[in-house]
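Below are the chains, spelled out letter by letter.
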Amino acid sequence: MSPDLLLLIGKATLDTLRMVAIAGLIGSLIGLPIGIFLATSGKGELFPAPNINRIVGLIVNATRSTPFIILVVAIIPFTRLVTGTSIGTKAAIVPLTIATIPFFARLVEAAIRDIDKGLIEAARAMGATPTQIVFKVLLAEARPALTLALTMTIVSLIGYSAMVGAVGGGGLGDLGIRYGYQRFMPDVMLIVVVVLIVLVQVVQSAGDGLARRFDKRSRKN
Amino acid sequence: MTFPSSEPSAGDAAVVFDGVSKRFAASGKSGAFTALNNVSLAVGRGSITGIIGRSGAGKSTLIRLVNGLEKPSSGKVLVDGVDVGGLDEAGLRNLRRSVGMIFQHFNLLSSRTVFGNVALPLEIAGMDRRAIEARVRPLLDLVGLADKHARYPAELSGGQKQRIGIARALATEPKLLLSDEATSALDPETTQSILELLKRINAELGLTVLLITHEMEVVKAVTSDVAVIDKGEIVERGHTFDVFTHPKHETTRALLSGLPGSKLPDAVARGLKPAASAGDRAVVRLTFFGATAERPLISQLIKSVGAEVNIIAGTIDEIGGKPYGSLVVAYAADAETSGRAERFFTENGLVTEVLGYVA
């Protein structure tokens, strides 16, 4: 394989990492509070706002049920507004971020809802404010689950990032489509797939390890 | 407000329930129901007061009214003279910082160490790190877990977890401790040690303890006062000793019948008949307490009855620090023997109950 091609693969890998990192960071930063809100704003919960909860839930569901490839195309005007362009790596970050937000929010919601209600009651009995309960109890107790949620989100993002290649988004997916498929270079396709597999493996193992370290629920010495 | 004479007056009480009712509206599958119906009760300052009832009797709701985790539908709950229902959220948080609570399933944070769990209420109250450290250490000593301060709850036994729960509840130096079935998830031996700890805290810190339980053993072991709750109503209350020795309500009797020594052996219970025929023996329960508990009653009984007396079941125990005995005996049911026995019981001030007759 020519050095040029290797260079291309290296650059594509970096592009993918950049897209995943930025979309993952912004998406989870926005998704986290939305997830917390979804988990705590039902009737009789810490910040009761059942109507807003329902509306936010509806928007989250709508975004999640839109196929990613359609989302990419549908928000092109918005992407252009934010980045000034609708093609390339920079442009791809916008739909990736938009897709990450509801995905991560639902995982955060599930992680928080999973926490024993007795802990919330105990904290209330201590005189904790709802905000204190969120930070000192819910987020602290959900840390292992949140770590796994973030891991799952990044893994999905890697998959999505390959899809934006189809609309000129750059990165490994783009490389695979243009060289591997359109120019029929199976070796490039193979390398692209292998790099993606390695990326996912590394992220998953790191996430699992971190979650295990955070998890104090099982007896170990 | 009027209370029976055995109750502390409202001024003396740490907690007063005044005509409290709690109704839950219908939601989803469950219909509307009344958890508490016009409950009035005063919890004496410095006492260990037990509220006993079967599951679903309303005791969980009752204890949660004290720190405002539940709100009464009508009536008032006063804690140290303050109407809990009249407090806003900030006032309620202040109240909760002066009322400790422990739970059946401990409710410890798995992500925090022993130290961190006890420190939590102090962090919530906005105390600085050094003051927290100074407060937590002696508490861990008090509950005997100083050496485990860096462990996580998952590494501890149930009894140790409850000790942390107790240390945590005491962290803000409350005057009142609420115990929600705190020993129900523990084995009998651990239960005893936790109850001993509660007793010690009550005596040493002068803390009022209000506990709910479904176990008469718990009530017997630690409480000075007890209220029996059934279907959302207080059916009986008083000093624990009086309620145990003279139970009036059917629910109380049913709860008491589970205690060891109160139960007849199955073989006897099966053969019991309501009326005597010739040659039968009478089965009689004698209850004795105070001074009578210390006299050689049995030998005197055998002498005065002048016939054989069998002991079928019996227990000698202490309730609220007073000796108490319950003895089931059998003797010939003929008129002469019975007459002598009854005379003996009256002379000695024994409380008796004829349970039936056996062949």
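Just so you know, these numbers come straight off a predicted model, no measurement behind them. (Residues numbered from 1 in each chain as written. Chains lettered and ligands numbered in written order. Predicted model: local features only at pLDDT ≥ 70, side-chain atom pairs only at ≥ 80, totals over all residues.)

Engineer: I would appreciate a short explanation of the overall build of chain A in the present structure.
Structural biologist: Looking only at helices and strands, chain A features 10 helices and 0 strands. Tracing chain A from N to C terminus, the helices and strands come up as α-α-α-α-α-α-α-α-α-α. Principal-axis analysis of the C-alpha atoms places the extent of chain A at approximately 70 × 50 × 25 Å. Out of the 221 residues in chain A, the part that is buried amounts to 42%. Long-range contacts, defined here as pairs at least 24 residues apart, represent 69% of the contacts in chain A between residues at least 6 apart. (Helix = DSSP H or I, 4+ residues; strand = E, 2+ residues; numbered from the N terminus. Buried ≥ 20, exposed ≤ 12 C-beta atoms within 10 Å, placed from the backbone. Contact = placed C-beta atoms within 7 Å.)

Engineer: Teacher, can you tell me more about the interface of chain B and chain A here?
Structural biologist: By a widely used convention, the size of an interface equals the accessible area lost when the partners come together. Taken together, the contact pairs 21 residues of chain B with 20 residues of chain A. Among the residues making up the side of chain B that touches chain A, the classes are represented as 10 nonpolar, 6 polar and 5 charged. (Nonpolar A, V, L, I, M, F, W, Y, C, P; charged D, E, K, R; others polar.)

Engineer: Any chance you could explain the domain arrangement of chain B here in plain terms?
Structural biologist: Residue and element names in this part refer to chain B. Partitioning chain B into structural domains gives domain 1 (13-257) and domain 2 (266-358). On the side of domain 2, 6 residues touch domain 1, which itself brings 7 residues to the contact. If one sorts the elements of the side of domain 1 that touches domain 2 by residue count, helix H8 (residues 240-245) sits on top with 4 residues. Its residues assigned to classes, the side of domain 1 that touches domain 2 shows 2 nonpolar, 4 polar and 1 charged. (Domains from an automatic or database assignment.)

Engineer: Where do I start with the packing of helix H3 (residues 114-124) of chain B against helix H5 (residues 158-170) of chain B in this structure?
Structural biologist: For any two helices packed against each other, the geometry comes down to the angle between their axes and how far apart the axes lie. All names here are of chain B. Contact geometry of H3 with H5 gives a least axis separation of 7 Å together with a crossing angle of 30°. In terms of axis orientation, H3 runs roughly parallel to H5. Judged by the sense of rotation from one axis to the other, the crossing of H3 with H5 is right-handed. Where H3 abuts H5, its residues Val114, Asn117, Val118, Leu120 and Pro121 lie against Ile164, Ala167 and Arg168. (Axes fitted to C-alpha atoms, helices over the stretch in contact; angles between N-to-C directions. Parallel < 35°, antiparallel > 145°, perpendicular 65-115°, else oblique. Left-handed = near helix turned anticlockwise from the far one by under 90°.)

Engineer: What's the story with the UniProt feature "domain: ABC transporter" (unreviewed entry) in chain B in this structure? I'm lost.
Structural biologist: As annotated by UniProt and renumbered to match this structure, "domain: ABC transporter" (unreviewed entry) occupies residues 15-256 of chain B. The annotated region residues 15-256 of chain B carries 38% helix and 26% strand content, and the separation between its end C-alpha atoms amounts to 26 Å. (UniProt positions renumbered as here; feature names shortened; annotations may be inferred.)

Engineer: Got a minute to help me understand the sheet that holds strand E3 (residues 48-52) of chain B in this structure?
Structural biologist: By way of backbone hydrogen bonds, the strands of a sheet pair with one another, either parallel or antiparallel. Residues and elements named next belong to chain B. Taken in spatial order, the 6 strands line up as E6-E7-E8-E3-E9-E10 in an open sheet, and their pairing is mixed. Strands with a single pairing partner mark the edges of an open sheet, and in this sheet they are strand E6 (99-103) and strand E10 (233-239). Averaged over neighbouring strand pairs, the angle between their axes works out to 15° when direction is ignored. Sheet analysis places strand E9 (residues 225-230) next to E10, joined by 6 bridges and oriented antiparallel. Along E10, the bridge assignment pairs isoleucine 229 with isoleucine 234. (Pairing = 2+ DSSP bridges.)

Engineer: Hey, could you run me through helix H6 (residues 117-125) of chain A in this one?
Structural biologist: Burial in H6(A) covers these residues: Leu119(A), Ile120(A), Ala122(A), Ala123(A), Arg124(A) and Ala125(A). Against the buried residues of H6(A) lie helix H7 (130-141) of chain A together with helix H2 (89-97) and E6 of chain B. Once H6(A) finishes, Gly127(A) follows within two positions and takes phi at roughly 90°, a positive value.

Engineer: Can you walk me through unusual backbone geometry in this structure?
Structural biologist: Outside of glycine, negative phi angles account for most residues, and trans bonds account for most peptide bonds. All names here are of chain B. A positive phi angle is found at asparagine 38, which is not glycine, with a value near 50°. Topologically, asparagine 38 is positioned in strand E2 (residues 33-44). Assessed through the 15 C-beta atoms surrounding it within 10 Å, asparagine 38 is described here as partly exposed.

Engineer: Could you clarify how one ought to interpret the sheet that holds strand E14 (residues 351-358) of chain B in this entry?
Structural biologist: All names here are of chain B. Taking strand neighbours across the sheet as the criterion, the 4 strands line up as E12-E13-E11-E14 in an open arrangement whose pairing is antiparallel. Only two strands of the sheet have a single neighbouring strand rather than two, namely strand E12 (310-319) and E14. Strand after strand, the sheet turns through a mean of 15° between neighbouring axes, direction not considered. Alignment of E12 against strand E13 (residues 322-332), held across 9 bridges, turns out to be antiparallel. Among the inter-strand pairings, glycine 314 is bridged to a residue of E13, identified as leucine 327.

Engineer: Honestly, the packing of helix H9 (residues 171-182) of chain A against helix H10 (residues 186-214) of chain A in this entry has me stumped. Any pointers?
Structural biologist: All names here are of chain A. Relative to each other, H9 and H10 sit at 160°, their axes nearing to 7 Å. Here H9 is positioned roughly antiparallel relative to H10, judged by the angle of their axes. Judged by the twist between their axes, the crossing of H9 over H10 is left-handed. Between H9 and H10, the residues in contact are Leu172, Leu175, Gly176, Tyr179, Gly180 and Tyr181 and Pro186, Val188, Met189, Val192, Val195 and Leu196, respectively. Looking at side-chain class alone, the contact of H9 with H10 contains 10 nonpolar, 2 polar and no charged residues.

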